[in-house]
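# Fold and contact review
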Amino acid sequence: MTINGMRNYLYHLSWFIHVQVLILISVVIFVSSCYALKFGAFLNTNPAVMLLLYWSACQVWLAHAYLIVSIVKTVKVGLTLSYILVCFNVLFAFATGGVLYNYYSQRFFHGILNSIPVFHFSYVQYVVGLRSVSDVYFGFKDLFIKAEGEPTAIYVNFLYMLLHVSISVVVWWFIDNVSPTSCNGVTRPFYFLFTKSYWGLTPKVNHDALVESSQDLMNDDSIELDVRNEIKLAASSPDAALNILQLQKDYNSLSCCRINKVKAVKNVSLTANLGSCVSILGHNGAGKTTTISTIVGSAKPTNGTVMVLGHDVRYQINSIRRVLGVCPQHDILFDQLTVLEHLNLFMMIKGQKDQGEIQTLLQDVNLWDARNKKPDELSGGMKRRLSLAISLVGSPKVVILDEPTTGLDPKTRLLIWNLIQREKMNKLILLTTHSMEEAEKLSDKVAIMAFGEVKAVGNSLHLKSRFGNGYNIQVTVPSVSSDAQGAEKLERTKEVILSYESASLVKSNANNLMFNFPNNSLDQLASVIDSVENMVENGVVKEWSLSQTTLEEVYLKVTSKASFGFDSDLQKL
Ligand SMILES: Nc1ncnc2c1ncn2[C@@H]1O[C@H](COP(=O)(O)OP(=O)(O)OP(=O)(O)O)[C@@H](O)[C@H]1O
């Protein structure tokens, strides 16, 4: 939600209000029922005291529940532990109130009991009940009067409850900042309070200095020419819809009790304009998701700059999120909301209200008929389509799709491809994918990443001509009754085609032969085709086809070249 534009404080505020309303209703119903059922402990006590007591106890339990949810990884485990905690608190209160009451007056135990969050509810409950059953009315002002035999006035216990809530909130806030699953999407070091960046004091990255230092890379012959040109482009167009210049992202990873720094992304430069689609291809762990994480603000760049429509992700992430739509790699949906409610929610987050747009979007992703279904009633493909629709809500200028069609059937994939092709008219669409077909069909620019670096960049035709092996001619000779005749036709075909100097036989399989002609032999192709056609007329060849190198072949070539020296590439700083 944060990366799709939800402000963090609004998220927590909405939850806080929601939970407080639920608590208030539950406490009023519970306390009223106790009065209605004439429970002894309640009858001689001012209702406001009982309401305050149960409301305060709920705040302590709520703060603990928040704390638990921030520590554990899944909502289910968090909820289960929170319920167990509340049950434990209630049982503790009723089981120990009388026992601990006597110890509380003793100096030694007083401090210890004060530090136990669940004690105060149990103590106040017992004191109030004790007075009530002794026919002594407990009014609101009695909260502030220290009774004989009690160490302090009761309001002190309420203050302790407030203190425990505050401590839990501070611990929760700390964990939320340092945890990898933090709500604000950025994991900070445990000493984050002492870092300049936390207080917004990070010195601004000097774009001019970065451009100057890029000169070395631009002149580095070991880097692919197109990649160097891309660096040049990134250095000269900071106002492009997406401008990544010399991005570097290091992660700390713990292994064998020592911290290693892993360079997930190294010197990545990439630019893209509105009205285009850029694909990032790469093997598992190539750095695609990390690159995207820095663009959406869920990972901070270690070095380099990332600008979206002229805004720097380091300092203007909120402005960026207003123009950004994100479809994450894994669907993040709310169990309680229907398809339609999801889109309404994200429409509100984007500050828009156009119901017509929601209907069009749901029709575009073929989910209109399922608009009233909740996520657990949707198939994997339907969830993926819903995530895609969410990323397009509010017509964001820049849309980031992390493997949008993974797990979709061919028909649905085609539907999504058509949608992306329509949407890219006035937007920038950046997608990561493992499907070469997808990249080829949708992209105006393809960046191939390997081991954290961009190894090749350009449109697919350019990449094919630069890295491809040229053209393949596949020839099939007719099936004949005698083996000798078949072998003769195969030999004749080989002889004719291999008479061209640049031709090479790449595959021979039963009646099929495949020959390759490199890019620099394009001028011979017309003559080769004439020769093959002649063989068809003479019955030597049955049929033939011509194909260019595929993007997959280019990808394999670029990434296998990059994997040479694999060990050195998995650098530890
Ligand atoms: N939070 C993290 N802590 C430590 N290392 C990480 C973290 N996230 C990613 N990495 C490492 O950074 C590298 C790049 O990972 P990333 O997820 O960006 O790859 P990817 O190209 O998106 O892979 P995939 O196709 O599998 O999604 C990997 O070596 C990964 O182990």
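This write-up is about the structure you can find in this document. (Residues numbered from 1 in each chain as written. Predicted model: local features only at pLDDT ≥ 70, side-chain atom pairs only at ≥ 80, totals over all residues. Heavy atoms only, no water.)

## Let's talk about the overall build of the chain
- When its secondary structure is counted, the chain shows 21 helices and 14 strands.
- Each principal axis of the C-alpha distribution contributes one length, and for the chain these read about 115 × 55 × 50 Å.
- Taken across its 573 residues, the chain has 47% of its residues classed as buried.
- A sequence separation of at least 24 residues applies to 68% of the contacts in the chain between residues at least 6 apart. (Helix = DSSP H or I, 4+ residues; strand = E, 2+ residues; numbered from the N terminus. Buried < 20%, exposed > 50% of the residue type's maximum accessible area, 1.4 Å probe, protein only. Contact = heavy atoms within 4.5 Å.)

## Considering the nonpolar core
- Within the largest apolar cluster, 36 residues are counted, with the highest numbers of intra-cluster contacts made by Tyr 54, Tyr 123, Val 124 and Ile 154.
- In terms of residues, this core owes the most to one element, helix H3 (residues 47-71), which gives 10 residues.
- With sequence-adjacent residues up to four places away left out, Ile 154 is seen in contact with Tyr 123, Val 124, Val 127, Phe 138 and Leu 143.
- Of all hydrophobic cores here, the second largest spans 32 residues; its members include Phe 346, Leu 367, Trp 417 and Leu 442. (Core = buried A, V, L, I, M, F, W, Y, C linked by side-chain atoms within 4.5 Å.)

## A closer look at the pairing of strand S7 (residues 398-402)
- With respect to burial, S7 is a largely interior element, five of its five residues being buried.
- Neither face of S7 is left uncovered, since the one carrying Val 398, Ile 400 and Asp 402 and the one carrying Val 399 and Leu 401 both have all their residues buried.
- Sheet analysis places strand S6 (residues 324-327) next to S7, joined by four bridges and oriented parallel. When the sheet's bridge partners are listed, Leu 324 is paired in S7 with Val 398.
- Both S7 and strand S8 (residues 428-433) contribute to a ladder of five bridges, which runs parallel. Bridge assignment links Asp 402 to a residue of S8, and that residue is Thr 432. (Pairing = 2+ DSSP bridges.)

## Thoughts on the packing of H3 against helix H6 (residues 119-133)
- Between H3 and H6, whose axes approach to 10 Å, the crossing angle comes to 165°. If you check the angle between H3 and H6, you find them roughly antiparallel. As H3 runs across H6, the sense of the crossing is left-handed. Residues Val 49, Met 50, Leu 53, Tyr 54, Ala 57 and Trp 61 of H3 form the contact with H6, whose own contacting residues are Phe 121, Val 124, Gln 125 and Val 128.
- Its residues assigned to classes, the contact of H3 with H6 shows nine nonpolar, one polar and no charged. (Axes fitted to C-alpha atoms, helices over the stretch in contact; angles between N-to-C directions. Parallel < 35°, antiparallel > 145°, perpendicular 65-115°, else oblique. Left-handed = near helix turned anticlockwise from the far one by under 90°. Nonpolar A, V, L, I, M, F, W, Y, C, P; charged D, E, K, R; others polar.)

## Things to note about the packing of aromatic side chains
- Tallied over the full model, the rule gives 20 aromatic pairs.
- Taken together, a centroid distance of 4.9 Å and an interplanar angle of 70° make the contact between Tyr 103 and Phe 109 edge-to-face.
- With a relative accessible area of 28%, Phe 109 lands in the partly exposed category.
- Each residue in the set Phe 30, Tyr 35, Phe 39, Phe 42, Tyr 54, Trp 61 and Phe 121 is aromatic and connected to the rest through ring pairs, giving one cluster.
- Above the ring of Trp 368, the side-chain terminus of Arg 371 is found at 4.1 Å from the ring centroid. (Phe/Tyr/Trp six-rings, centres within 6.5 Å; stacked < 30°, edge-to-face > 60°. Lys NZ or Arg CZ within 6 Å of the ring centre and 35° of its normal.)

## As for the packing of helix H1 (residues 8-36) against H3
- Packing of H1 against H3 leaves a shortest axis separation of 9 Å and a crossing angle of 140°. The angle between H1 and H3 places the two elements in the oblique class. As H1 packs across H3, the resulting crossing turns out to be right-handed. Residues His 12, Trp 15, Val 19, Gln 20, Ile 23, Leu 24, Val 27, Val 28, Phe 30, Val 31 and Tyr 35 of H1 pack against Pro 47, Met 50, Leu 51, Tyr 54, Trp 55, Cys 58, Gln 59, Leu 62 and Tyr 66 of H3.
- Along the lines of polarity and charge, the residues of the contact of H1 with H3 split into 17 nonpolar, three polar and no charged.

## Topic: helix H9 (residues 225-236)
- Compared with an ideal rise of 1.5 Å per residue, which puts 12 residues at 16 Å, H9 spans 17 Å between its outermost C-alpha atoms and is within 8% of the ideal.
- Of all the positions in H9, only Asp 226, Val 227, Arg 228, Glu 230, Ile 231, Ala 234 and Ala 235 are classed as buried. (Expected span 1.5 Å × (residues − 1).)

## Some remarks on the layout of surface pockets
- Of the pockets and cavities examined, the second largest pocket occupies roughly 550 Å³.
- Ranked by residues supplied to the lining of the second largest pocket, first place goes to helix H7 (residues 154-178) with eight residues.
- For the lining of the second largest pocket, the class distribution of residues is 20 nonpolar, four polar and no charged. (1 Å grid on protein atoms, 1.4 Å probe; cavity = no way out; pocket = protein on both sides within 12 Å on 5 of 7 lines; lining within 4 Å. Points joined across faces, edges and corners; volume = space filled by probe spheres on them.)

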